[in-house]
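What the coordinates show
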Amino acid sequence: MEKIKNIAAVAVVILLLPYVLTLFISGKEEKTPADRQSQTQSLTEIPAGDGSIRIDMEDRVMHIVAKQIPMTYEDEAIKTQAIIARTEAYKQIEAGKDPSDADGTEDLEKLWGFEKFSENYDRLKMLVQSTVGQVATWQGGLIEASFHAVSAGKTRSAAEALGSDQFPYLAGVECPKDLESKQFLEIRTYRPDEFLERIREKYPQLEVTQDDLLTQIQIVSADSAEYVNQIQIGNVTTSGEEFRALFDLNSSCLSFGMTGDEIRITTKGLGHGLGVSQYQANELAKEGKGCQEILAFFYPGIEVRAYEGAK
């Protein structure tokens, strides 16, 4: 009887040997029909040179989200970002472009560190999959899913910031929690010569003197969220966003002052101020709001639904 058992055991091992070897070589189990169907459904065709390639959209979205929002944030805030990222990715594809961030897992290891990689990867994959296929729409089309890290206490209205009524869902909403962010306020100081040299690099026609410099700087216009639309420095007029880029400032919600002999620039918020404020979104998630509620808060009137292709 014992001999028969041994023979049977050897037979089982021989039968399973090819499967076991396959696992060691491939490093993963064979996909089930359900797994294969799920992967196929997330494959999306994108332009590539003269032809096209197919990508796993949900995997692409996961890599995009990983670089857009801290993994210390709440689940519903991260799910909100996943829908934003997917919406923007499909907009890129509809415009004939390849959505960004095709980097592999080794890039995420650098981002999170080896010790946090597995935990963050598994969590993010689960959260992205829980919103699979979902996008934000307005009147049947994909929205401009703008977002930023921290507002200046209120998000901007596109009608004011862009001078356009094409994006009624980009309306200014109050974000009182953003004032508590460590990134809400930044103060920088510059020597007058250093300040003017930076401006002359872009505007060589600048005519201004270092004496009484502050009197030669004027905020021409700002929107209701206090982001600057236009600034005049001497004989040069520029937009708030151009000035922000010139000095690499946190935002265009800015003001000027003097600290001793140096000019002081104070900014509020981090980012352009349009759409979702990630910090406020995270605070809403802490209060128990779901991702669709959060999106509706920042984008009034939009609808979250499964992507059905270009309209």
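Before reading further, recall that the structure is shown in the block above.
Residues numbered from 1 in each chain as written. Predicted model: local features only at pLDDT ≥ 70, side-chain atom pairs only at ≥ 80, totals over all residues. Heavy atoms only, no water.

Quick look at the nonpolar core
This is how it is decided: Here, nonpolar core means buried Ala, Val, Leu, Ile, Met, Phe, Trp, Tyr and Cys residues that are tied together by side-chain atoms lying within 4.5 Å of each other. Remark: exposure states derive from per-residue accessible area (1.4 Å probe, protein chains only) relative to the maximum for the residue type, with buried under 20%, exposed over 50%, and partly exposed in between. Helix and strand labels come from DSSP, where a helix needs a run of H or I of at least four residues and a strand needs a run of E of at least two; each type is numbered from the N terminus. Any pair of residues with heavy atoms lying within 4.5 Å of one another is described as a contacting pair.
Core analysis: the largest hydrophobic core is formed by 51 residues, its most contacted members being Val-65, Ile-78, Trp-112, Leu-124, Phe-298, Tyr-299 and Ile-302. At the level of secondary structure, the elements contributing two or more residues to this core comprise helix 3 (57-66), helix 4 (75-94), helix 5 (105-112), helix 6 (114-129), strand 3 (134-138), helix 10 (278-286) and helix 11 (291-298). Here the element with the most residues in this core is helix 4; it accounts for 9 residues. Among residues more than four places away in sequence, those in contact with Val-65 are Ile-78, Gln-81, Ala-82, Ala-85 and Leu-124. Counting residues in hydrophobic clusters, the runner-up holds 21 residues, among them Ile-217, Phe-243, Leu-246 and Phe-256.

Details of helix 6
So the rule is basically this: One fewer than the residue count of a helix, multiplied by 1.5 Å, yields its expected span. To get the bend at a given residue, fit one axis to the seven residues ending there, fit another to the seven starting there, and take the angle between those axes.
Along its 16 residues, helix 6 runs 23 Å from first to last C-alpha, staying within 8% of the 22 Å computed at 1.5 Å per residue. Taking the largest bend as the criterion, helix 6 deviates by roughly 25°, centred on Asn-120.

Comments concerning the sheet that holds strand 3
Our working definition: By definition, two strands form a pair when at least two bridges between them are found by DSSP. Where helices are involved, their axes are fitted lines through C-alpha atoms of the stretch in contact, as for all axes, and angles between N-to-C directions lie from 0 to 180°.
The sheet built from 3 strands is open, its strands ordered 4-3-13 with antiparallel pairing. Of all the strands in the sheet, the pair left with one neighbour each is strand 4 (141-142) and strand 13 (303-306). Sitting on the sheet, helix 4 touches strand 3, strand 4 and strand 13, and the angle it makes with strand 3 is about 70°.

Observations regarding the packing of helix 10 against helix 11
Note the following rule: The labels follow the angle: roughly parallel below 35 degrees, roughly antiparallel above 145, roughly perpendicular from 65 to 115, and oblique for the rest. Note: crossing handedness is left-handed where the near helix turns anticlockwise from the far helix by less than a right angle, and right-handed where it turns clockwise. Under the grouping applied here, Gly and all other residues not named as nonpolar or charged are polar, the nonpolar ones being Ala, Val, Leu, Ile, Met, Phe, Trp, Tyr, Cys and Pro and the charged ones Asp, Glu, Lys and Arg.
Look at helix 10 against helix 11: their axes get within 10 Å of each other, and the N-to-C directions meet at 135°. In terms of axis orientation, helix 10 runs oblique to helix 11. Helix-helix and strand crossings are classified by hand; for helix 10 and helix 11 the assignment is right-handed. Across the interface between the two elements, Gln-280, Ala-281, Leu-284 and Ala-285 of helix 10 pack against Ile-294, Phe-297 and Phe-298 of helix 11. Here the residues of the contact of helix 10 with helix 11 are counted per class, giving 6 nonpolar, 1 polar and no charged.

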